[in-house]
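So the chains spell out like this:
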Amino acid sequence: MPHYTKTPWTLSVYDLLHRAGEMREHSIEVVVPERLGEGQVAVQAGAVLDLDVRLEGLHDGILVSATVTGTATGECSRCLKPIAEPVEVDIAELFAYDVDEAFDYQVHEDHVDLEPVVRDAVVLSLPFQPVCRPDCPGLDPVTGERIEDIPDYQPREGVDPRWSALAGFQAEQAPVLQEPVGRAVTDNESKPDTSA
């Protein structure tokens, strides 16, 4: 078994080992050592995550349930304005006593390490394309200015350069076909008998 290093993410479970039904709760604050997330919004290094953790002893391991809260910061994907997004995720993972392919996490030297569990949950909860508000108009495609900062903004009608050759083209007017003019049958004239 590799040497285990205690970190701010680790909790001792010595008093819960092999004691099914025993339970303990913790409230901890963790200063994030490195950025969580690689997109336009992330929990930055140095930010604080609050963890409300419950540890339960089971026959085959320790069940860890936790609510993680914090704040992710970054920029709006439409207008690039700085934004802050609340983060709140729930996790529930079993840390097994024995190394087994059926379990992703194990108890190491009477401790559980919450860092990989919290990291995965937080990163997956972050929005892929964060916005400062749902109706954010974004940037002007020509000037790059924020549209909300431009008074009386009117969108420009841009023509795709691939269609520029057709700009002066006008379709020829097709001749209108006229229906043949026939003589209408009046009521006084006899109509052919089609009943036979």
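Residues numbered from 1 in each chain as written. Predicted model: local features only at pLDDT ≥ 70, side-chain atom pairs only at ≥ 80, totals over all residues. Heavy atoms only, no water.

A short note on the pairing of strand β4 (residues 48-57)
Heads up, the rule is: A 1.4 Å probe rolled over the protein chains alone gives each residue an accessible area, and that area as a share of the maximum for its type sets the label: buried under 20%, exposed over 50%, partly exposed in between. To qualify as a helix, a DSSP run of H or I must reach at least 4 residues; to qualify as a strand, a run of E must reach at least 2; elements of each kind are numbered from the N terminus. Here, strands pair whenever DSSP counts at least two bridges between them.
Burial along β4 is one-sided: L49, L51, V53, L55 and G57 are buried, while V48, D50, D52, R54 and E56, pointing the other way, are not. As judged from the 9 bridges shared by strand β2 (residues 23-31) and β4, these two strands associate in the antiparallel manner. Paired with V30 across the two strands is L49, which belongs to β4. Here β4 hands over to strand β5 (residues 61-75) after 3 residues, the two strands then running antiparallel side by side.

As for helix α1 (residues 115-125)
Quick reminder of the rule: The arc in question is the one traced by the directions running from the helix axis out to the C-beta atoms. In this description, contact between two residues means that some pair of their heavy atoms is separated by no more than 4.5 Å.
Listed in full, the buried residues belonging to α1 are V117, V118, A121 and V122. Taken down its axis, α1 places every buried residue within 115 degrees of arc, on the same side. Elements that come into contact with the buried residues of α1 comprise β4, β5, β6 (82-96) and β7 (105-106).

Observations concerning the environment of L16
Secondary-structure assignment places L16 in the loop between β1 (10-12) and β2. By relative accessible area, L16 is classed as buried at 1%. Remark: the alpha-carbon pair of L16 and G61, spanning 45 residues in sequence, is separated by 9.3 Å. Excluding residues that lie within four positions of it along the chain, L16 makes contacts with E22, M23, R24, L55, G57, I62 and Y97.

Quick look at the pattern of salt bridges
Selection criterion: A pairing counts as a salt bridge when a side-chain nitrogen of Lys or Arg comes within 4 Å of a carboxyl oxygen of Asp or Glu.
The tally for this structure, following the rule as stated, stands at 5 salt bridges. Close ionic contact of R24 with D15 constitutes a salt bridge, the shortest N to O distance being 2.8 Å. Look at D15 and you get partly exposed, because its relative accessible area is 33%. Across the pair E115 and R119 runs a salt bridge, and its minimum N-O distance is 2.8 Å. Taken together, the residues span about one helical turn, with E115 and R119 both in helix α1 at a distance of 4 residues. By relative accessible area, E115 is classed as partly exposed at 22%.

So, a negative patch on the surface
As a reminder, the rule being used: Patch membership needs two things, relative accessible area over 30% and no salt bridge, and members are linked within 9 Å if like-charged or within 5 Å if nonpolar (Val, Leu, Ile, Met, Phe, Trp, Tyr). Note on areas: Shrake-Rupley, 1.4 Å probe, and residue coverage restricted to the protein chains presented here. Charge counting treats Lys and Arg as positive and Asp and Glu as negative, with His and both chain ends excluded. To locate a charge, take NZ of a lysine, CZ of an arginine, CG of an aspartate or CD of a glutamate.
A contiguous patch of negative charge on the surface is contributed by E25, E29, D50 and D52. Where the negative patch is concerned, the elements lending two or more residues are β2 and β4. Following the sequence through the fold, E25 ends up in strand β2. On the basis of relative accessibility, which here comes to 60%, the residue E25 falls in the exposed class.

So, the side chain of H111
Here H111 shows up in strand β8 (residues 111-113). For H111, a relative accessible area of 16% corresponds to the buried category.

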